[in-house]
Amino acid sequence: MNFKRKLLAAALPFAFCLSGTAHALDIKFAEIHPAGYPTVAAEENMGKKLAAADSDITFKMFAGGVLGSEKEVVEQVQIGAIQMTRVSLGIVGPVVPDVNVFNMPFVFRDQAHMRKVIDGEIGQEILDKITNSEFNLVALAWMDGGTRNLYTKEPVRKIEDLHGKKVRVMGNPLFIDMMNAMGGNGVAMDTGEIFSALQTGVIDGAENNPPTMLEHNHYQNAKYYTLTGHLILPEPVVMSKETWNELTPKQQELVKKFAKEAQLEERQLWDAKVAASEEKLKAAGVEFISVDKKPFFDATAPVREKYGAQYADLMKRIAAVQ
Ligand code: GTR
């Protein structure tokens, strides 16, 4: 090693100490949804508030899936390479099975019921389960991920029409079981693969809320939207535990406070977006099909029994929330 290099090597640790402002936090937030989507907008506002409240904090949104699929992003957040994300509870289930209580078909009566539950003590308990798991995440708040219905290339007007259809679900065995119980053929794949899978006919359909169906262009190759309402999924906003542990208690409080504010803000944006999406989908030729939900509810009873047995008490508490 020449003298100059030796000097540099000796100085390096000090340089790091000096340059690292205590508790400086550069938040990279990953979203698979595009700019303007309700979750993205609410999260950006959260970021703005954080940066305004603490000059050591910067916030940058990476929307549109540029940092990878939800599964890839979660792995990055776990190791602290990405600081925050919002993720569907669907893909958290296989890693933190306790959250699957919210992932069960028809566990919520409707969206208002789901909102009451996530705003109350059960919502906090499930966030805490994520935080206290080995997942290396701190779960801060819930976004409303809406009500999921079926969309297919051929119309599903009654449950029998779903028979044998290959329908994409999120990567969680519970959802495969759910789709199979309804008579379809559940196929797991990442969000980003759905568009071409529909286009090429690898799948016959998928299931999601109107904003996702619209913004991810799935409606272009699936023109029938059957209002089963089988899943109503909240979506946690999470921070890497690596990041969290570097924050001062005051910074942690700020993050918690603004994340909770985003929870309430997002649902106003969500309701407006659902209404606008429904209009656009109809204008683009999507047929909205009302169905009797009971056969779908009955068909999925074994799934609730299989996965729900361990949460029997919790399910009673959820049902009791008015
Ligand atoms: C959306 C959800 C995403 C993603 C997607 C999917 O409704 O907001 O986080 O999970 O569904 O089905 O992959």
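The structure displayed is predicted, hence computed values, not measured ones. (Residues numbered from 1 in each chain as written. Predicted model: local features only at pLDDT ≥ 70, side-chain atom pairs only at ≥ 80, totals over all residues. Heavy atoms only, no water.)

A.B. asks: Would you take a moment to explain the confidence of the model for the protein for this structure?
C.D. replies: Atomic detail in the predicted coordinates should be set aside for any region of low pLDDT. Across the protein, the average pLDDT comes to 93, with 93% of residues at or above 70. Taken as a whole, residues 1–21 scores under 50 in pLDDT and shows two contacts with residues more than four places along the chain or in a different chain. (pLDDT = per-residue confidence, 0-100. Contact = heavy atoms within 4.5 Å.)

A.B. asks: Please explain the pattern of salt bridges as it appears in this structure.
C.D. replies: Note on pairing: side chains with opposite charge can pair once their charged atoms come close. According to the stated counting rule, one finds 19 salt bridges in the structure shown. Note that Glu261 and Lys257 form a salt bridge whose closest N and O atoms lie 3.6 Å from each other. Here Lys257 and Glu261 lie together in helix 11 (residues 249–283), a separation of four residues that amounts to about one turn. Look at Lys257 and you get partly exposed, because its relative accessible area is 45%. Here the residues in one salt-bridge network are Glu31, Glu43, Glu70, Arg86 and Glu235, joined through shared partners. (Salt bridge = Lys/Arg side-chain N within 4 Å of Asp/Glu carboxyl O. Helix = DSSP H or I, 4+ residues; strand = E, 2+ residues; numbered from the N terminus. Buried < 20%, exposed > 50% of the residue type's maximum accessible area, 1.4 Å probe, protein only.)

A.B. asks: Whenever I open this one, the site of the ligand confuses me. Can you help?
C.D. replies: The environment of the ligand is made up of 13 residues, and the closest members are Glu70, Arg168, Thr191, Asn208 and Glu235. With respect to the ligand, the side chain of Glu70 contributes an N or O atom lying 2.4 Å from an oxygen atom. The separation between an oxygen atom of the ligand and a polar side-chain atom of Thr191 is 2.7 Å. In isolation the ligand offers 320 Å² of accessible surface; the protein chains occlude 99% of this area. Looking at side-chain class alone, the shell around the ligand contains two nonpolar, six polar and five charged residues. (Near = heavy atom within 4 Å. Polar contact = N/O pair within 3.5 Å; in protein donor to acceptor, adjacent residues only side chain to side chain. Areas by Shrake-Rupley, 256 points an atom, 1.4 Å probe, with all protein chains shown as cover. Nonpolar A, V, L, I, M, F, W, Y, C, P; charged D, E, K, R; others polar.)

A.B. asks: Please explain the pairing of strand 1 (residues 25–30) as it appears in this structure.
C.D. replies: One ladder, built from six bridges, connects strand 1 with strand 2 (residues 57–62); its direction is parallel. Across the sheet, the residue bridging to Lys28 is Lys60, located in strand 2. The parallel pair strand 1 and strand 2, bridged by helix 2 (residues 38–53), forms a crossover whose chirality is right-handed. Here strand 1 pairs with strand 3 (residues 84–86) via two bridges, running parallel. Residue pairing across strands places Phe29 opposite Met84, the latter belonging to strand 3. (Pairing = 2+ DSSP bridges. Right-handed = clockwise from strand over helix to strand, strands pointing away.)

A.B. asks: Looking at this model, I keep getting lost on unusual backbone geometry. Mind explaining?
C.D. replies: Negative phi values dominate among residues other than glycine, just as trans dominates among peptide bonds. Even without glycine at this site, Asn136 takes up a positive phi of about 65°. Along the polypeptide, Asn136 turns up in the loop between helix 6 (121–131) and strand 4 (137–152). For Asn136, a relative accessible area of 22% translates into the label partly exposed. Although it is not a glycine, Asn217 adopts a positive phi angle of roughly 65°. On the basis of relative accessible area, Asn217 is assigned to the partly exposed category, the value being 31%.

A.B. asks: Hey, could you run me through the side chain of Arg168 in this one?
C.D. replies: Position of Arg168 relative to the elements: it lies in strand 5 (residues 166–169). Buried charge Arg168 goes without a salt bridge, the closest partner of opposite sign being Glu207 at 4.7 Å. A polar contact is formed between the side chain of Arg168 and the backbone oxygen of Met189, at a distance of 2.8 Å. Look past the residues within four positions of Arg168 in its chain and what remains in contact with it is Arg148, Val187, Met189, Asp190, Thr191, Ile194, Ile203, Gly205, Ala206 and Glu207. (Lys, Arg positive; Asp, Glu negative; His and termini not counted.)

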